[in-house]
Amino acid sequence: MRIAARLLGVSASPTMAVMQEVQELRAQGVDIIDLGPGQPDFDTPELICRAGIAAIEEGFTRYTPAAGTKELRQAVAEKYNRDCGTSFDFSNVVITSGAKHALYNVCMAVFQAGDEVLNPSPYWVTFPEVVKLTRAVPVTVPTMQDESFILSPERVREKLTEKTRGLIVNTPNNPTGAVLPREVVFELAELGRERNLFLLFDETYERFTYGGKIHVSLAEVAEELDDAFAIVGSFSKTYAMTGWRVGYCVGPRFLMQKITEFQSHETGNPCSISQQAALAALEGGVESFESMRREYEKRREYLLQGLETIPGYRCVEPDGTFYAFPEVSASMERMGISGSVDYANFLIQEARVATVPGSAFGLEGHIRLSYATSMKNIEEALERIRTAVA
Ligand code: PLP
């Protein structure tokens, strides 16, 4: 059986592979602490679940328009208008089956063979794979640990060629936790306009910032971008709704219209029940996520303090998301381990702690630890790692 060429270059999600391995080990009775997944450990807030149940009970179980219900699209638009001073309406928004789906739709609509798409690294695992699916070429732009992994517009400039069509930015960033400062967002917008680039911002972790850091959305400079932009967002992390599969893209009307046409053949509408739940999440206001954010903030403090006490670990303070991305190369050297995959395997085997190797995100010598798990698990995981590497 022949597999089509467009899929041959695409690899499976390494973060999902870690999840799978943990499940298999647990099925064998192994007691493992999982710091791998980018998945909130909180249950979906009750108010949101109730809206989902009400949708079923009221028979809201049929197809909706392909781009999602007008109410939910309008509510997303208003969120941006409120937070960023835009004047979007429902026609600037397409509701999708998660942010991953939104990202795929935007990339399919904009990139094609012959294009180069700039992809700051370390990157979320899906970005280069989705770019490859469009037949464009992902081009890495490094971000540096000693610059707190903040993307430098200068380094973006260095990678520009006449084939460069776009730039994908993820702020707050998975895996580094870096939150782009306002001036960098503005500089990137200027560069985009000057060099005719399509700017795609993944703002999935927009609500997860700490220590007074503020997320700056691309929407704040949308008017200056000559319609060459899109923002991808998600309900998954903010409202602990990973399984409900609701995300969205926001952008110029003609692009959203094209994506709607594509989506109408590709998946049709996102789940009607989940859309009603998402609407309740937005209407519920900050209360529905702020208590979770505060809990993440406590865990983050604890994890960062703990990592400092592990020999050979060095961690830039992550200002956002719910990940830490320590450099562990000194520990690797001490243990005689040469790659982050082997190091993560060592942690699974010897410490019974699952992490994700830095190589999955395009940077060796690091591991990603998720603190979207209980404080008790974080305490125990730190203790286990400390003992294993001692
Ligand atoms: N974007 C980033 C940067 C992510 O880290 C993730 C999940 O890990 C997603 C998007 C996926 O979000 P969703 O569950 O809405 O598809």
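Structure's up top.
This write-up is about the structure you can find in this document. (Residues numbered from 1 in each chain as written. Predicted model: local features only at pLDDT ≥ 70, side-chain atom pairs only at ≥ 80, totals over all residues. Heavy atoms only, no water.)

**As for the side chain of Glu-129**
- Among the structural elements, Glu-129 can be located in helix 6 (residues 126-133).
- Exposure remark for Glu-129: the relative accessible area of 15% places this residue in the buried category.
- The contact partners of Glu-129, leaving out residues within four places of it in the chain, are Gly-9, Val-10 and Ser-11. (Helix = DSSP H or I, 4+ residues; strand = E, 2+ residues; numbered from the N terminus. Buried < 20%, exposed > 50% of the residue type's maximum accessible area, 1.4 Å probe, protein only. Contact = heavy atoms within 4.5 Å.)

**Re the pattern of salt bridges**
- Inspection of the entire model under this criterion finds 24 salt bridges.
- The closest approach of N and O atoms between Arg-384 and Asp-31, which form a salt bridge, is 2.5 Å. In this pair, Arg-384 is assigned in helix 14 (residues 375-389) and Asp-31 in the loop between helix 2 (14-27) and strand 1 (33-34), connecting sequence segments 353 residues apart.
- Exposure remark for Arg-384: the relative accessible area of 15% places this residue in the buried category.
- Taken together, the salt bridges that share partners define one network made up of Asp-41, Glu-295, Lys-298 and Arg-299. (Salt bridge = Lys/Arg side-chain N within 4 Å of Asp/Glu carboxyl O.)

**A look at a nonpolar patch on the surface**
- A contiguous nonpolar patch, built from Met-1, Ile-3, Leu-7 and Leu-8 and spanning about 510 Å² of accessible area, is present on the exposed surface.
- Relative to the elements of secondary structure, Met-1 occurs in the segment before helix 1 (5-8). (Patch = residues over 30% accessible without salt bridge, like charges linked within 9 Å, V, L, I, M, F, W, Y side chains within 5 Å. Areas by Shrake-Rupley, 256 points an atom, 1.4 Å probe, with all protein chains shown as cover.)

**Here's the deal with the layout of surface pockets**
- Counted as a void, the largest pocket has a volume near 500 Å³.
- Around the largest pocket, the lining comprises 25 residues; the ones closest to its centre are Met-16, Gly-38, Lys-100, Trp-124 and Lys-237.
- When residues of the lining of the largest pocket are assigned to domains, at least three fall in each of domain 1 (5-44 + 287-389) and domain 2 (46-284).
- The volume enclosed by the second largest pocket comes to roughly 280 Å³.
- Elements supplying a minimum of two residues to the lining of the second largest pocket: helix 4 (70-84) and helix 11 (287-308).
- Per element, the largest residue contribution to the lining of the second largest pocket is four residues, and it comes from helix 4. (1 Å grid on protein atoms, 1.4 Å probe; cavity = no way out; pocket = protein on both sides within 12 Å on 5 of 7 lines; lining within 4 Å. Points joined across faces, edges and corners; volume = space filled by probe spheres on them. Domains from an automatic or database assignment.)

**A few points about the sheet that holds strand 8 (residues 247-250)**
- A sheet is described by the order of its strands in space; here seven strands give the open sequence 2-8-7-6-5-3-4, paired in mixed fashion. Each edge of the sheet is formed by a strand with only one pairing partner; in this case those strands are strand 2 (93-96) and strand 4 (137-142). If you compare each strand with its neighbour and ignore which way they point, the axes differ by 20° on average.
- As judged from the four bridges shared by strand 6 (residues 198-202) and strand 7 (residues 229-234), these two strands associate in the parallel manner. For Leu-199, the partnering residue across the bridge sits in strand 7 and is Phe-229.
- Contacting strand 2, strand 5 (164-170), strand 6, strand 7 and strand 8, helix 5 (residues 99-110) runs over the sheet at an angle of about 165° to strand 7.
- Sheet strands in contact with helix 6 are strand 3 (116-121), strand 4, strand 5 and strand 6, and its direction is about 150° off that of strand 4. (Pairing = 2+ DSSP bridges. Axes fitted to C-alpha atoms, helices over the stretch in contact; angles between N-to-C directions.)

**Things to note about the packing of aromatic side chains**
- This model, assessed by the stated rule, comprises 20 aromatic pairs.
- Seen from their ring centres, Phe-149 and Phe-325 are 6.1 Å apart, and the 65° between their planes marks the pair as edge-to-face. With Phe-149 in the loop between strand 4 and helix 7 (153-158) and Phe-325 in the loop between strand 9 (323-324) and helix 12 (329-335), this residue pair connects regions lying 176 residues apart in the sequence.
- A residue is classified by how much of its surface remains accessible, and Phe-325, at 2% relative accessible area, is buried. (Phe/Tyr/Trp six-rings, centres within 6.5 Å; stacked < 30°, edge-to-face > 60°.)

**Notes on the environment of Met-332**
- Tracing the backbone through its elements, the reader meets Met-332 in helix 12.
- For Met-332, a relative accessible area of 4% gives the class buried.
- On a C-alpha basis, the gap between Met-332 and Tyr-313 in space is 9.5 Å, while along the polypeptide they are 19 residues apart.

**Brief notes about the site of the ligand**
- Ala-99, Asp-202, Tyr-205, Ser-234 and Ser-236 are the nearest of the 13 residues found near the ligand.
- Here a nitrogen atom of the ligand and a side-chain polar atom of Thr-204 are 3.3 Å apart.
- Ser-236 is positioned such that a nitrogen or oxygen atom in its side chain is 2.7 Å from an oxygen atom of the ligand.
- Contact with the protein chains removes 92% of the 400 Å² of surface that the ligand exposes when unbound.
- Taking a 2 Å distance to the grid points as the criterion, the majority of the atoms of the ligand fall inside the largest pocket.
- Of the residues in the shell around the ligand, the class split is three nonpolar, six polar and four charged. (Near = heavy atom within 4 Å. Polar contact = N/O pair within 3.5 Å; in protein donor to acceptor, adjacent residues only side chain to side chain. Sits in = over half its atoms within 2 Å of the grid points. Nonpolar A, V, L, I, M, F, W, Y, C, P; charged D, E, K, R; others polar.)

**A few points about empty space enclosed by the protein**
- In the structure shown here, the tally under the stated rule is two cavities of 30 Å³ or more.
- Volume-wise, the largest cavity comes out at about 140 Å³.
- Together, 17 residues line the largest cavity, and Pro-120, Thr-143, Leu-151, Asn-170 and Asn-173 are the ones closest to its centre.
- When contributions to the lining of the largest cavity are tallied by element, the ones reaching two or more residues are strand 3 and strand 5.
- Here the lining of the largest cavity is composed, by residue class, of eleven nonpolar, six polar and no charged.

**Quick notes on the packing of helix 13 (residues 340-351) against helix 14**
- Between helix 13 and helix 14, the shortest axis-to-axis distance is 10 Å and the interhelical angle comes to 105°. Looking at the two axes, helix 13 sits roughly perpendicular to helix 14. Packed against helix 13, whose contacting residues are Tyr-343, Phe-346, Leu-347, Glu-350 and Ala-351, the element helix 14 presents Arg-384, Ile-385, Ala-388 and Val-389 at the interface. (Parallel < 35°, antiparallel > 145°, perpendicular 65-115°, else oblique.)

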